[in-house]
Amino acid sequence: MLSWHLRAIHEASVIMNNKINYLLSTVRCMHRCNSVLTPKSSVTTRKRVLWICRYREPLEKVNFRRLLLNIFPPFCGPSLRFLSQKTDVFSTGAKIEPEKSTEALVGEETPQSSLELEKLDDSGSPKEKHVADHGSELFYTSLQKCTCPSDALDLYESAVSIKHFTNCLTTVWRLFKNLSEEQQRYEKQLIFEHPAFVKLCQQLLRDARRMMRGDLVFSLHALVNLGVPQNTLLVQTLVRVCQEKLNQFDNRCISVLATTLAGMDKDKNVSALQAGLQLLVEQRITSIRDIFILHNLMKCMGRETPVFLKKKLEMAVLKEVDHLTFPNALRMFLALVAMNYCSIPILNACSKKIQEHIHDIPFRQLIVILEACYSLQYRNVKLFSALADYVNSTASIWDKRQIMLFLSACETLGFQPTELMGIFAEKVTEDPEFLNLKNLMIVLRVYSRLNYVPRDQNHLFFETLHSCLNKFLPQISNTELLKVAYSFCILGYLPHHALDTLMQKDSRNELLLSEDPHREQKEIMLRCVKVCMELDSPSFTKPAFVLTENSSSLVSLNLRKAREALIELLGDENMFQQNVQLPYKYHIDFEIKIDTDRKKVLPIPATDDHTDSSVQRLALLFVPLSAFCLGSTHPQGKLAMKKRHLNKLGYHVILILNKKFQEMTNEDAVEFLKGKIYPENPFPPSEVTVQDNN
């Protein structure tokens, strides 16, 4: 009986103690809620006032190593231990005087307030739940009113749960990323110096295993993007916990984690997590319906993604392509570039969406799209033309440097926006002051490769560029001078002063150094400049005849069809000459001699030494698709220069797109060559037009 009474007394005392604990917890919670409404001023607030009122030193001058050591004492020191070494990050470490190590902090008890609030949420009375909910509501309301990261950190003392801590951190990141680049440099200094940031990181380290999946991935994302070093115990712990909870993540968490890992360096833990993420994506790919999530996954998987998984991601995107939005279309270009996968169906769908919203695209995005197309080797003439037309129609609002960058992006693709290049040439002649040496080299490279010469003001355009070049001659390097002179010569213009400087013995010797890895390329460019100086000179006269050399009777495989068609058309292989080598190291595929009326082809042996002006020479050049500007039969710079020089040597040049010719039947090939050789039967030009991907 006595034992029963003792047991009853003990249970009553336990109940009383629990009620007292609940009462104390409620009072403590209400006190913290009141502190949310009346936040105290902090050192950070004063620092921000000082920053606004007077100049502060830039972030680069801050000792980050010392600063990080204060936040994470053992992370950068000798006691650093990586998770890849199977170290238990939650074990208690040795003490470091006068501060405790982070391992010791991890081993300490979790703050009672957090645990108590969780108990209240589970078993507290309705009144206590109402107080807790009211406190959270006040906390989140105050968090939404924050205007800078330091304001969010000031609310740390009011946080009473893991959810509060993680929301405090993610708010810091959200406010930080919306700042300008210059503001971010200063704000990062204030964040790292804020005393609450130290406590917040330590709290996250304690609560890492108890975080909800969303809080876990968003905390990791915020810390990585704020610049917390990846080798710190805090980041490595969160990465390890993500490994343990990976199978519990929903698609949204997977997307956030993928975005985070894409910005982290490769180490053992990150690589292991990426491998696990790849397996998880492979299993769940059929259930993912959000294009934004698919885009993030594609960007994270990267170039190392297996081909089969790339195809699965492609099919998943194509299933949802009808729901493709304009922002997703822009992001999909970058995702495919990151994965190094050219999916024509996806790119075509994205291109159509971009063309529909072309007036909503910021200028920088125009360049990004063109660069992505170049990386993916994606050639869509309709898309490029739409972008060029948009820039052309709004040229008045763009700076000349912006238009120059757009033209440079087009040049890498081999696409010639004719109207825009004409407008830009006018802007250059009207105001050439913006042309520094770098811009001058870009303009010359673009116009020479795309073979564009302004129709009505070509002389004025060249003279303007030449005048700018003369200003830079005293400071230009020999390599830059060679590139500029080469571009001028491709266009058929000779900058005499620059050429005289380039052809000096000292300049040539410096350009052709034996140890220069680009020597061969420079030799080709220098030889081209010398040929142009001779053939494009006004003093050059057309020779009465040109000595030719039939280097070999063998014809490459891709020209056998042309040879057979010429034999069938002309009746004898003596009616043409093949694989002809000319002076200045020029080469033509087939040479045909014909009377000036283009009525009768003459046998080659009978006219070898014939200098009669009644004989006309035809040069047939079978050229690849890459020799023309994209979407047209307009020759690019090198081919245009060769055609110009062959004309100087007395040839009438016939350019034939080899790819289209090889696709013709034998009968069509004969008729095509007949139309080219005998002008009274012209071949329809539409049959040799280059088509785009659509």
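Nothing here was measured: the structure is a model prediction, and the numbers come from that model.

Peer 1: Could you give an account of the packing of helix H19 (residues 363–376) against helix H21 (residues 400–413), naming the residues involved and the relevant values?
Peer 2: The angle between the axes and the distance between the axes are what describe a pair of packed helices. It is the contact of H19 with H21, at a shortest axis distance of 9 Å, that shows an interaxial angle of 15 degrees. The angle between H19 and H21 places the two elements in the roughly parallel class. The interaxial crossing formed by H19 with H21 has left-handed handedness. Between H19 and H21, the residues in contact are Phe363, Leu366, Ile367, Leu370, Cys373 and Tyr374 and Gln402, Ile403, Leu405, Phe406, Ala409, Cys410, Thr412 and Leu413, respectively. Split by residue class, the contact of H19 with H21 holds twelve nonpolar, two polar and no charged.

Peer 1: Could you give an account of unusual backbone geometry, naming the residues involved and the relevant values?
Peer 2: Positive phi, normally seen in glycine, also occurs at asparagine 340, with a value near 55 degrees. Its location among the elements puts asparagine 340 in the loop between helix H17 (326–339) and helix H18 (344–356). When its relative accessible area of 40% is taken as the criterion, asparagine 340 is described as partly exposed. Of note, lysine 585 is a non-glycine position whose phi angle comes to about 60 degrees, a positive value. Mapping lysine 585 onto the fold places it in the loop between strand E2 (577–582) and strand E3 (586–595).

Peer 1: Tell me about the pairing of E2, and please be specific about residues and values.
Peer 2: Of all six residues making up E2, five are buried, and the element is well covered by its neighbours. Sheet analysis places E2 next to E3, joined by five bridges and oriented antiparallel. Considered in E3, the bridge of leucine 582 is made with tyrosine 586. Connecting the antiparallel pair E2 and E3 is a turn made up of three residues, with tyrosine 584 showing a positive phi of about 65 degrees.

Peer 1: Talk me through the pairing of strand E5 (residues 615–623); I want residue IDs and the actual numbers.
Peer 2: Burial analysis of E5 places seven of its nine residues in the buried class, the great majority of the element. Relative to E5, E3 is paired through six bridges, and the arrangement is antiparallel. Note that in E5 the partner of isoleucine 592 across the bridge is leucine 618. One ladder, built from seven bridges, connects E5 with strand E6 (residues 651–657); its direction is parallel.

Peer 1: Residues and numbers for the nonpolar core, please.
Peer 2: Residues Leu257, Leu277, Phe406 and Tyr447 are the most contacted members of the largest nonpolar core, which totals 179 residues. Excluding its chain neighbours within four sequence positions, the residues that come into contact with tyrosine 447 are Leu407, Met421, Phe424, Ala425, Tyr452, Phe461 and Leu491. Counting residues in hydrophobic clusters, the runner-up holds 25 residues, among them Leu559, Ile594, Ile654 and Ile677.

Peer 1: Go over the packing of helix H8 (residues 162–177) against helix H9 (residues 181–193), please, and point to the residues and values.
Peer 2: For the pair H8 and H9, the least separation of the axes is 10 Å and the interaxial angle reads 160 degrees. Accordingly, the angle class assigned to the pair H8 and H9 is roughly antiparallel. Of the two possible hands of crossing, H8 and H9 adopt the one that is right-handed. In this structure, H8 contributes Val172, Phe176 and Lys177 to the contact, and H9 contributes Gln184, Glu187, Lys188 and Ile191. Looking at side-chain class alone, the contact of H8 with H9 contains three nonpolar, one polar and three charged residues.

Reading the values: rules and limits
Residues numbered from 1 in each chain as written. Predicted model: local features only at pLDDT ≥ 70, side-chain atom pairs only at ≥ 80, totals over all residues. Heavy atoms only, no water. Axes fitted to C-alpha atoms, helices over the stretch in contact; angles between N-to-C directions. Helix = DSSP H or I, 4+ residues; strand = E, 2+ residues; numbered from the N terminus. Parallel < 35°, antiparallel > 145°, perpendicular 65-115°, else oblique. Left-handed = near helix turned anticlockwise from the far one by under 90°. Contact = heavy atoms within 4.5 Å. Nonpolar A, V, L, I, M, F, W, Y, C, P; charged D, E, K, R; others polar. Buried < 20%, exposed > 50% of the residue type's maximum accessible area, 1.4 Å probe, protein only. Pairing = 2+ DSSP bridges. Core = buried A, V, L, I, M, F, W, Y, C linked by side-chain atoms within 4.5 Å.

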